[in-house]
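# Chains, contacts and geometry: an overview
If you want the building blocks of each chain, they are given just below.
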Amino acid sequence: MLKKSLLHSTKAWLLLILGFIILANTIFWIFRMSPHQPKQVTDDIPKNTTDPLLPAEAKLSPVMLRFNQPIRQPTTYIPAEHPHKLKNLRLVAPTADQITMLLKNDTATYANRTDLWEFGYINSKPDVFIASNGQFSSVFNHYNREHRIYTLMKWILRVYRRDPNRQTPLLMVDVGSSHGLYSVVASVSGAYAVAFEPQVHLRSTIALSARLNQVSSRVRILPFGVLTEHREVSMTNLNRSADRSSRQLDLVNTESGMQSYTIRIDDIPSYDLLFGPDSRFKTSINTPEDISQDYAKSLKSCITGNTTDIDESLTLHHPIHFLKIDVGGFELEAIESAAVLYESGMVENTVVEFGPPSRWEVAYQDWNATREEKREAAIERAKMLFKRIYDRWDMDIYLLPGKGWGRTVQWLLNRGAVYSMEPGSNQIVHTLKAWDFDDMPKDNDEFELEMEDKEDLVTELIPLRPDCIEDYLEDLQNIGKMYVWFSRREGNPAIKKKLELPYSSPDSP
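Before going into details, it helps to say that this report is about the structure given with it. Not measured: the values here are computed from a predicted model. The numbering scheme is per chain: residues are counted from 1 as the chain's sequence reads. With pLDDT at 70 or above as the cut-off, local features in this predicted model cover only qualifying residues; side-chain atom pairs require 80 or more to be listed or tallied, and sums for whole chains, interfaces and linings still use all residues. Side-chain numbers come from the whole structure's heavy atoms, not from hydrogens or water.

Turning our eyes to something else, we now look at helix α4 (residues 200-212). Side chains that are three or four residues apart share a direction in an α-helix, a result of its 3.6 residues per turn. Numbering of helices and strands runs from the N terminus, with a helix taken as a DSSP run of H or I at least four residues long and a strand as a DSSP run of E at least two residues long. Between the first and last residue of a helix there are one fewer steps than residues, each counted as 1.5 Å, and that sum is the expected span. Counted at 1.5 Å a residue, the expected span for α4 with its 13 residues is 18 Å, and the 19 Å between its end C-alpha atoms agrees. Burial status follows relative accessibility: with a 1.4 Å probe on protein chains alone, a residue under 20% of its type maximum counts as buried, one over 50% as exposed, and anything between as partly exposed. Among the 13 residues of α4, 11 are classified as buried, and the element is accordingly described as predominantly covered. Along α4, the positions that sit buried rather than exposed are V200, H201, L202, R203, S204, T205, I206, A207, L208, S209 and A210. Considering only its buried residues, α4 is in contact with β1 (101-104), β2 (107-110), β4 (128-132), α3 (181-188), β7 (219-222) and β11 (258-263). Two residues or fewer past α4, Q214 is found with a positive phi of approximately 60°. In what follows, a contact means two residues having at least one pair of non-hydrogen atoms within 4.5 Å.

This is the structure in structure tokens:
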């Protein structure tokens, strides 16, 4: 009986000890994995002392905690007598030009020394590093949703980059840049990238990403919103997620939120102003004066109503090879704001986040009308714009996968708007494939590996027939958000050479 009691007692103690070990281990790993501020190690730092036995001269100066912001890049004095062979380097202020701006309690403010950023890499082929202030997972989700558009952009830039007849720099423009992933991927793919981002804290993270990817000299971040008119506006509902942004331009109240100016896409500063030799420290442009005094003066003259157009000698006259637009409901305005560039054939390809029409109501916030009236006006505006794109600007229109993709395919089938009745062939959905268009040496890069894994598939798409445009836009609210690609008919023919209706595999359901 006694032996039995001792056995039970021993088991109880063993279970208690085991439970204690498990609890201690759990607490240890929870603490180990949880985010926390870095611990300051100060054991080896000499300390001041009030010990009266030590001489007064033993007192040490404390660490300087002066807050220097805002600061700009140094001007760097170099003696004129120094020969070129000395290879003198300029001074650099890594935290200058508002690159440390963060969003705290709905206010953009400079970071302090305990604030942290995070960065990771996106599997974008070429893979890139992206900086974020705690929202990296949102950027990751964004790429998973729009990866086909990234592949399309890389394919288009590749064709133009290798074109022996191209006479101007390879240029990508990112309107509504947010976290800047499009700009960064374009820049590492060999293009100069111009990003529009009116939120200062997002400009700082884009600039950090450019540094991480060693492409600061190829990226310029403009502080403007885009409308068809020049005006001073506020940003409200500031972007927190870096993905599903609720930010918007406030056209009514110019005293709230973050202040910005709007320009037209036609007003992009000239290539020399953005990428010339005097712009080496201008990755993030925070004021019009950072572009040039003349550009700032011309823009302010437009805002005050003294003139209607920015001086043409200061604006871009190079082709844009890829234009991406995602501006929180102002997409129709943004497209219209590039009318001069489109009419002169200066925009080769455009991809726009498009619809549903309820998204466009925000562009009518200063119009005293019902939501239904605003939506109807937006749909009519879209119809006229698409007609202009197709007829006057000589661009073909393609639908790219979005939330409304499946409903789009069904909508076209229901109307008999098919491209083939041949057995085994797709009726609606086309594929665009990459191919060896110049028979020249390979780049041996990550994009080629991506195409190898995907059997050269760039994206699925649907050509939008002119006779379907008006009805499709009428029903777009029920269809849902899509992406639209406008491609200039006289552009490089290699891009769409392999656009075809695929045949279904015999094993397909």
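What follows is about the packing of helix α2 (residues 136-161) against helix α11 (residues 446-453). Close contact between α2 and α11 brings their axes to 12 Å; oriented N to C, the two are set at 120°. It follows that α2 is oblique to α11 by the angle criterion. The interaxial crossing formed by α2 with α11 has left-handed handedness. Taken together, the residues of α11 that come into contact with α2 (itself represented by T151, K154, W155 and R158) are F447, E448, E450 and M451. Ten residues, namely Ala, Val, Leu, Ile, Met, Phe, Trp, Tyr, Cys and Pro, are considered nonpolar, four, namely Asp, Glu, Lys and Arg, are considered charged, and the remaining ones, Gly among them, are considered polar. In the contact of α2 with α11, the residues fall into three nonpolar, one polar and four charged. Structural elements are reduced to axes, namely lines fitted to C-alpha atoms, with helices fitted over the stretch in contact, and the angle between N-to-C directions of any two is expressed from 0 to 180 degrees. If an angle is under 35 degrees, it is roughly parallel; if it is over 145, roughly antiparallel; if it lies from 65 to 115, roughly perpendicular; otherwise it is oblique. Each helix crossing is assigned a hand: it is left-handed if the near helix lies turned anticlockwise from the far helix by less than a right angle, otherwise right-handed if that turn is clockwise.

The set of buried Ala, Val, Leu, Ile, Met, Phe, Trp, Tyr and Cys residues whose side-chain atoms join them within 4.5 Å is what this entry labels a nonpolar core. Core analysis: the largest hydrophobic core is formed by 71 residues, its most contacted members being F196, I265, F354 and F386. Counting residues per element, this core draws most heavily on helix α9 (residues 371-392), which supplies five residues. Among the nonpolar cores identified, the runner-up in size contains 48 residues, and I156, A186, V219 and V458 belong to it.

Here the focus is the side chain of E146. Its place among the elements puts E146 in helix α2. For the purpose of charge, His is not counted, nor are the chain termini; Lys and Arg are scored as positive and Asp and Glu as negative. For salt bridges, the criterion is a side-chain nitrogen of Lys or Arg within 4 Å of an Asp or Glu carboxyl oxygen. No salt bridge forms around the buried E146; measuring N to O, its nearest opposite-charge neighbour R145 is 4.2 Å away. In contact with E146, not counting residues within four places along its chain, are Y182, E353 and Y483.

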